[in-house]
Structures are given as C-alpha cells and as structure tokens.
Amino acid sequence: MSNLLTVTPRRRDFLRQSLGLMAASAIATPRSVLAQSTIPSSADPSPPGFGEHYVTRADNRIYVRDYPGEGPAYVMIHGFPDNCRIYEDLAPLLSAAGHRVIEFDFLGFGASDKPMNFQYSFAQQLEDLKAVVNSLGLRSVIPVGHDAGGPAAVNFALDNPDRVDSLVLFNCYYANSPVLAFPDFIELCSNPKTRLLAHAMMSDPKEAAYLFQFQQSLLRTNMTPAIKARWDSRLQPIIAENFTQTPSAMPAFLAMTGDAYANLAANDRRVPEMRKFDKSVKLIWGAWDKYLSLPVANDIAAHFPNASLTSLQAEHWPQFDLPEQVSRAMLG
C-alpha cells in the first residue's frame, strides 16, 4: 500500500502528463502568519487583495487566504482532488463588493500540511473548518461548499445555526439519493466493491494515467471552447499540483474517497435536521455536470425550507467557469 501513498519522480512525471500540465512552483511570501512559519513554495505569490495565514490544529498547519471585507464572512470550502485556489477568481469579486472572504486548504491538500499516517476523513475536515472559523474569531459566517466540501458546509451549518448567516452550495452532494452519481473515477475509488481494484490500478502508472484521462474526457464533453481553455490553462494546474508536489495529496485523496460511502450513511441520519435549518440556502449549479447534476441540486434543495436554485451554463466548477455570474447570484 505504501507505494500508492508515495509520489516518486516516475509517478510525478506520469501525473503531470496524464493531467496535461506541469505543476506550478512559485514561491510565496506570507503577509500575515498565525503560526510562525513560512508559507510553502506550493502556494502562489500573494497578489494584491488577500493576506495569508496558518491556522494550527492537532499540531498541523492549515493554509488560509483572507480577503478583506465586512459582515458575515464567506468561508470557501473545496472538495477533492482540488484545493482553495478554485475560488481565486470568485473571491476578489465578493471582496470588492465589501464582503470578507476566507479560503483554506483542508489538511492533506494544497498548501496545508500533509502529515503521514494521519486519519483523513470527513469528520476531520469538519474539524478543520471549525478550527479556521474559531481561530480567526469569525462570529457569523456563510459556508460555501463545493463538491466533497458540501458535507462539511452543511454539517457546520446544522451544528452552528446561531453562527451561520446563510449557506451557499455549488455542485456538491450531502446524503444518499437515487439521483446521486459520483464521477466514475471517484466511484471506483469509493465503492467498497471496487476500491481495492482502483488502488491496484493506481499503483501502475499506465493504468492510473488511463483512469485520469478517461475521467477528463467525460468532463470535457459539454465544455464550450472558452471554458475548455480555462480548464486546460488554469484549473488543471491546480489539480495536478496537488499530486505532483512533495509531499503529495494522494494519501488524503485515497482516504477521503475511501470514507465517502460511510459519510453518505452518516449524513442520511442528519437529513431531518436540514428541514429545521430556516436560514437562506442558495444552490448555484453548473447545469452541464453529468454527475452532481441538477436533479442532485433539486434533491438537496427539497430538504431545506428556504432554498433557492440558480442554474448556470457551466460544468462542475461554476465558480471557476463563470465567476461573475456566480458572484451576482451569491450577492443577489
């Protein structure tokens, strides 16, 4: 199993090729640091508009980007296999409109620490989110969940209704549903019946490259030329760097996919609580997503008493495909 969790030079080369790009390698200079340390080289240089922090939890550091603003802070929650940079086009728009925005990388991803022999799980990610909110002294927040970050956003809102002003969800999931379908590659890694096969395939560079390329081809099917160009030039580098940097996000990715079915079952038991959450819930959805699709959005919305759904001509990452439209939907 250890060869699945170690990114060797050979594996780095194959991941770069299969994802179609080279990982970014710029060195960042922190503007403010909660833990006395240097922001790692995997973080991009700080453009004007946000400060950088570390929040410490369980002796490990969580990387945070903090955009200035007032009122309840938007706390942006990523899924897998990406990181907080999926919000780097949306966050400045919200900040420019006067709202504070917090982005962070879960432990195991992006520029956060990636401890070995660590129990990565959805419960751990919820604790990461709580640590960020508490360490920054945020009294009122708007969790914004995408993809596998949806469960953390929803559960934080259910656990802390007095601290949550509202909730925003992009192309995510929460509990079991007859309309829910994980992307094929994620399903292969998550399903207990196929998980060992997926791990065995990923131990072989050729097989792993095939899995990545197969999933990519399905995601690209409905993209417009403009969105496809942004995918190739901007989004894929974010995903690729998670796996090509040292240490890699592979251990967290495998652990999180392995925990996905148990998390769905745990969230099934919390569905009745969703009906008691009376704050505004905005679902902003990329309509072209064939997996976390509009029927999934409608299913989630049906459980909240004050939910609204905005459908956009975008793929799985509407906040990256159409940031201006997403910001208007969030602020409207």
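Residues numbered from 1 in each chain as written. Predicted model: local features only at pLDDT ≥ 70, side-chain atom pairs only at ≥ 80, totals over all residues. Heavy atoms only, no water.

Peer 1: Please explain the layout of surface pockets as it appears in this structure.
Peer 2: Over the atoms, a rolled probe matching the size of one water molecule traces out where space is still vacant. Taken as a whole, the second largest pocket spans an internal volume of roughly 200 Å³. If you go around the second largest pocket, you meet 14 residues; those closest to its centre are Phe122, Ala123, Asn155, Asn263 and Asn267. Elements with a contribution of two residues or more to the lining of the second largest pocket: α4 (122-135), α5 (150-159) and α11 (260-268). Its residues placed into classes, the lining of the second largest pocket shows seven nonpolar, five polar and two charged. (1 Å grid on protein atoms, 1.4 Å probe; cavity = no way out; pocket = protein on both sides within 12 Å on 5 of 7 lines; lining within 4 Å. Points joined across faces, edges and corners; volume = space filled by probe spheres on them. Helix = DSSP H or I, 4+ residues; strand = E, 2+ residues; numbered from the N terminus. Nonpolar A, V, L, I, M, F, W, Y, C, P; charged D, E, K, R; others polar.)

Peer 1: Please clarify how the packing of aromatic side chains should be interpreted in this entry.
Peer 2: Two measures describe an aromatic ring pair: the distance that separates the ring centres and the angle between the ring planes. All chains considered together, the criterion is met by 14 aromatic pairs. Linked through ring pairs, Phe80, Phe185, Phe212, Phe243 and Phe253 together constitute an aromatic cluster. Over the aromatic face of Tyr54 sits the side chain of Arg61, whose NZ or CZ is 4.5 Å from the ring centroid. (Phe/Tyr/Trp six-rings, centres within 6.5 Å; stacked < 30°, edge-to-face > 60°. Lys NZ or Arg CZ within 6 Å of the ring centre and 35° of its normal.)

Peer 1: Quick question: what am I supposed to make of empty space enclosed by the protein here?
Peer 2: For the coordinates displayed, the defined rule picks out two cavities of 30 Å³ or more. Each pocket or cavity is described by its volume, and for the largest cavity that value is around 360 Å³. What lines the largest cavity is a set of 26 residues, and nearest its centre among them are Pro81, Ile186, Gln215, Leu219 and Trp317. Mapped by element, the contributors of at least two residues to the lining of the largest cavity are α6 (184-190), α8 (205-219) and α9 (225-244).

Peer 1: Teacher, can you tell me more about the environment of Asn306 here?
Peer 2: Positionally, Asn306 belongs in the loop between α13 (294-301) and β8 (307-312). For the pair Asn306 and Ser280, spaced 26 residues apart in the sequence, the C-alpha separation amounts to 5.2 Å. If we ignore the near neighbours within four places in the chain, the residues touching Asn306 are Asp278, Lys279, Ser280 and Val281. There is a polar contact of 2.6 Å between the side chain of Asn306 and the backbone oxygen of Asp278. (Contact = heavy atoms within 4.5 Å. Polar contact = N/O pair within 3.5 Å; in protein donor to acceptor, adjacent residues only side chain to side chain.)

Peer 1: Teacher, can you tell me more about the pairing of strand β6 (residues 167-172) here?
Peer 2: When a strand is regular, its side chains alternate between the sheet's two faces. Counting buried positions along β6 yields six of six residues, so the element is predominantly enclosed. Of the pairings in the sheet, the one linking strand β5 (residues 141-147) to β6 comprises four bridges and is parallel in character. Residue pairing in the sheet places Gly145 in a bridge with Leu169 of β6. Following the backbone out of β5, through α5 and into the adjacent parallel β6, one traces a crossover that is right-handed. Pairing analysis gives four bridges linking β6 to strand β7 (residues 281-286), with the strands arranged parallel. If you follow Leu167 over to β7, its bridge partner there is Val281. (Buried < 20%, exposed > 50% of the residue type's maximum accessible area, 1.4 Å probe, protein only. Pairing = 2+ DSSP bridges. Right-handed = clockwise from strand over helix to strand, strands pointing away.)

Peer 1: I keep staring at the pattern of salt bridges and nothing clicks. Help me out?
Peer 2: Pairing is possible between side chains that carry opposite charge, provided their charged atoms lie close to one another. Applying the stated criterion to the full structure yields 14 salt bridges. Among the ionic pairs, Arg61 bridges to Asp113, the shortest N-O distance being 2.8 Å. Residue Arg61 is found in strand β2 (residues 60-67), and its partner Asp113 is found in the loop between β4 (99-104) and α4; the two are separated by 52 residues along the sequence. For Arg61, a relative accessible area of 24% gives the class partly exposed. The partner of Arg234 in a salt bridge is Asp89, and the shortest N-O contact between them spans 3.1 Å. Residue Arg234 is found in helix α9, and its partner Asp89 is found in the loop between β3 (70-77) and α3 (91-96); the two are separated by 145 residues along the sequence. Among the residues examined, Arg234 registers a relative accessible area of 27% and is labelled partly exposed. (Salt bridge = Lys/Arg side-chain N within 4 Å of Asp/Glu carboxyl O.)

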